[in-house]
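# Results of the structural survey
For reference, the chains in residue letters:
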Amino acid sequence: MEKIVKDTLHANGIDIGIYTQDFENEFISLTDIAKYKSDDPTAVIQNWMRNRDVIEFLGLWENLHNADFNPLEFEGFKKQAGANAFTMSPKKWVENTNAIGIVSKAGRYGGTYAHSDIAMSFATWISPEFQLYIMKDYRRLKTDENSRLSLNWNLNREISKINYRIHTDAIKENLIPPELTPAQMAYTYANEADMLNVVLFGKTAKQWKDENPTVKGNMRDVATLNQLLVLANLESYNAVLINQRKKQKERMELLRQLAVQQLQTLESVSLNNLSKLGMNC
């Protein structure tokens, strides 16, 4: 077994443990995330795992990443999930299905950990706003990690300059996506990525290109850092909604609500940081 590397995420005043063995798959503490909602994190996690859509999501993740996953046990749990008498715990899930996406650790730094894909879904269930704080510091952690491993230290300095400029530019721009028109809500998009473009940017990739024929790349290439961060969250949330069998119209409404909320929060964070910077000048 390779050496375990530990670190900590800082999200809105709460420290969240994270570890990795291969620098590719990080496991984030669900126990720490659950403390945002309750002093009894074990009960919060178990309540989350009682939901049918959560069991389906966990099963889908395992099917994609775990060749030893037990599909028969999973199907049994899926049929029972959501019923009043149904109970589920991380230990029960792992022991019965051979799951690898959730891990229970004992000892001083013990608790329930989950792969970052699963942990972000859990955090969204706890609070979309709190999930945004987690994702923001997670991205910071990944950037720091890449900088340490990179041989080109000048690139790190340039990224810092660009990030500062993006924050200042974000204040000048209207980052909140426009209201969706009835025509947009009714239109059936064959491409889910283009649906997310409409939710976040208010237009399809083709519409943007028609308006910007001389600009190289696509609309996502010129998006701000905040917009790209929210877009990543929208993609993850859309996958959950699809797994819940939500109709596209309902998904668009829910995704736009999340986009507006997260962009407003990010803009507020940027303003606060700039205000502190100005006071120190």
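Every chain begins its residue count from 1, and numbering advances along the sequence as written. Selection of residues for local features in this predicted model requires a pLDDT of at least 70, selection of side-chain atom pairs for listing and counting requires 80 or more, and totals for whole chains, interfaces and linings are taken over all residues. Each side-chain value is derived from all of the structure's non-hydrogen atoms; neither hydrogens nor water enter the calculation.

Let us now look at the packing of aromatic side chains. Ring pairs shown here join Phe, Tyr and Trp side chains whose ring centres sit within 6.5 Å, with only the six-membered ring taken for Trp; geometry is labelled stacked below 30 degrees between planes, edge-to-face above 60, and tilted in between. Scanning the model with the defined rule gives 10 aromatic pairs in all. Between Y19 and F27, the aromatic rings sit 5.6 Å apart at their centres with planes inclined by 15 degrees, giving stacked as the arrangement. Aromatic side chains W48 and F122 sit 4.8 Å apart centroid to centroid with 65 degrees between the ring planes, which places their arrangement in the edge-to-face category. Here W48, found in helix 2 (residues 41-49), pairs with F122, found in helix 6 (residues 116-126); they are 74 residues apart in sequence, far enough to count as distant. Only protein chains enter the accessibility calculation, which uses a 1.4 Å probe; a residue whose area is less than 20% of its type maximum is buried, one above 50% is exposed, and one in between is partly exposed. We classify F122 as buried; its relative accessible area is 0%. Cluster of aromatic residues (ring-pair linked, three or more members): F69, F74, F77, F86 and W93. Its end group placed over the ring of W125, K37 keeps NZ or CZ at 4.3 Å from the ring centre. A run of H or I in DSSP becomes a helix once it reaches four residues, and a run of E becomes a strand once it reaches two; helices and strands are each numbered from the N terminus. By the criterion adopted, a ring carries a charge over it if an Arg CZ or a Lys NZ lies within 6 Å of its centre and within 35 degrees of its normal.

Here E129 shows up in helix 7 (residues 128-149). It is 9.8 Å that separates the C-alpha atoms of E129 and L266, two residues lying 137 residues apart in sequence. Throughout, a residue-residue contact means that at least one pair of heavy atoms, one from each residue, lies within 4.5 Å. Those residues in contact with E129, other than ones at most four positions away along the chain, are Q261 and T265.

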